[in-house]
Amino acid sequence: MSISDFFNKNLKTIVSYVPGKQVEAVARELKISPDDITKLASNESPLGVCPSAVRAMIEYINKMNLYPDAGAFELKGKLAKYHDIKPEQIIIGNGSDEIIKDISFGFGGAGSSIVMSKYTFLNYKIYPKMFGTEIIEVPTKGLSHDLRAMAESIKSNTRIVFICNPNNPTGTIIDDAEIIEFMKKVPENVLVVFDEAYAEIAQKKMPNTLDFVRQGRTVMILRSFSKAYGLAGLRVGYGITTSEIAELMGKPRIPFNCNYMGQAAAIAALEDADFVQESKKVYKSGISQISGACKELNLQYEPTYANFILIRTGNGKDVYEKLMMKGVIVRPVDAYNLPEWIRVSIGTREQNNKFIDALTEVLASIK
């Protein structure tokens, strides 16, 4: 027997999450300059880092020899004021992704189940599988969550329901009325996780899920500093929930999970409303630009409320690879069971034009 025979059997069956390809990696493969590559694969901010966060990082750079505040006291206080809740209702994560993993660890496990939509963020499936949780994937209405079917899929052993809103990778959004009806059907001992990573830049009014937290319901709202504030490289996310659940979530959390620079940048970023509004304008314009091109190219696309758009191109993986050869990186979504589609992040007008030109050439070559 070898050491691999003793490796966790749940982990052996997992297909690892594959992020969008990095500019530097593609530049090495194509033997061209990184400046000649446009990355529209990871829903990153095309405007860069919000200016307030940049100033804070410069101020704190000489403090990187110190461990961060393990309890993130100042950041929690700022977020509590921002959302009008108590600091003890907030969880800070190394990106909201870490919180998803800790939720799966804390509430999942053998003998339990978790409910999610069929076409949604892959890590909702990957993390629970690590702990032997049964995955219940619910068919969608079109490409959007079917909340009625999801409520009906909850079993006696269901511990978690994940709802990504706006949804990744489809860009669809669920409104207040649907969520209120859904919550009426959810048992109190089931944790409903509203993953709202794109909330601040959503192109439609977000449902008021905070009301459920204030009512003491068994819910958690996840938010991120990666999208709206351009801090993806620092990995800062947070959860809003009841004080009881927040205390429980401190058990699996690793010490110092949110670094000093990340905390400082996030605190400053919350004050930068102008950057968020400018970002929303860029995304609104970019969505119009790319969806208009799809109409001209006679391509089906899913109307989006986030900072990316899902486009049906035929063989998505093939189109992705051909676009990459032209210096444009997008995201194939075959891992999401959408093999005919690609997901394209909204960039600057110049970046969007480069994608549209490259896509037009690729489709012509395929025909």
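Residues numbered from 1 in each chain as written. Predicted model: local features only at pLDDT ≥ 70, side-chain atom pairs only at ≥ 80, totals over all residues. Heavy atoms only, no water.

Q: What am I meant to see in the overall build of the protein here?
A: A count of helices and strands for the protein gives 14 helices and 13 strands. Relative to the globule expectation of 21 Å for 367 residues, the C-alpha radius of gyration of the protein, 21 Å, shows essentially globular dimensions. Each of the three principal axes of the protein carries a C-alpha extent, and together these read 55 × 55 × 50 Å. Carbon and sulfur atoms form 52% of the exposed surface of the protein, whose accessible area is close to 16900 Å². Looking at the protein, you have 44 positive and 42 negative side-chain charges, and the mean spots of the two groups are 2 Å apart. (Helix = DSSP H or I, 4+ residues; strand = E, 2+ residues; numbered from the N terminus. Rg over C-alpha atoms; globule rule 2.2 N^0.38 Å. Areas by Shrake-Rupley, 256 points an atom, 1.4 Å probe, with all protein chains shown as cover. Lys, Arg positive; Asp, Glu negative; His and termini not counted. Charge placed at Lys NZ, Arg CZ, Asp CG, Glu CD.)

Q: For this particular structure, what's the right way to read the packing of helix α13 (residues 316-325) against helix α14 (residues 349-366)?
A: For the pair α13 and α14, the least separation of the axes is 10 Å and the interaxial angle reads 120°. Classified by the angle their axes make, α13 and α14 are oblique. For the pair α13 and α14, the sense of crossing is right-handed. Within the contact between the two elements, α13 uses Asp318, Val319, Lys322 and Leu323 and α14 uses Phe355, Ala358, Leu359, Val362, Ser365 and Ile366. For the contact of α13 with α14, the residue count by class is seven nonpolar, one polar and two charged. (Axes fitted to C-alpha atoms, helices over the stretch in contact; angles between N-to-C directions. Parallel < 35°, antiparallel > 145°, perpendicular 65-115°, else oblique. Left-handed = near helix turned anticlockwise from the far one by under 90°. Contact = heavy atoms within 4.5 Å. Nonpolar A, V, L, I, M, F, W, Y, C, P; charged D, E, K, R; others polar.)

Q: Even after reading the chapter, I still don't get the packing of aromatic side chains, so can you show me in this structure?
A: The geometry of an aromatic ring pair is captured by the separation of the ring centres together with the interplanar angle, meaning the angle of the planes. One pass over the full model with this rule turns up nine aromatic pairs. Here the aromatic rings of tyrosine 124 and phenylalanine 162 are separated by 4.4 Å at their centres, their planes lie at 5°, and the arrangement is stacked. You can see tyrosine 124 sitting in helix α6 (residues 123-130) and its partner phenylalanine 162 sitting in strand β5 (residues 158-164), a full 38 residues away along the chain. The exposure class assigned to tyrosine 124 is buried, which follows from its relative accessible area of 0%. Pairing tyrosine 198 with phenylalanine 308 gives two aromatic rings, centres 5.3 Å apart and planes at 70°, and the pair type is edge-to-face. Separated by 110 residues along the polypeptide, tyrosine 198 in the loop between β6 (191-195) and α9 (210-214) and phenylalanine 308 in strand β10 (residues 308-312) bring together distant segments of the chain. Cluster of aromatic residues (ring-pair linked, three or more members): Phe121, Tyr124 and Phe162. Of note, lysine 63 hangs over the ring of tyrosine 60, and the distance from its end group to the ring centre comes to 4.6 Å. (Phe/Tyr/Trp six-rings, centres within 6.5 Å; stacked < 30°, edge-to-face > 60°. Buried < 20%, exposed > 50% of the residue type's maximum accessible area, 1.4 Å probe, protein only. Lys NZ or Arg CZ within 6 Å of the ring centre and 35° of its normal.)

Any functional reading would require information beyond the geometric quantities listed.
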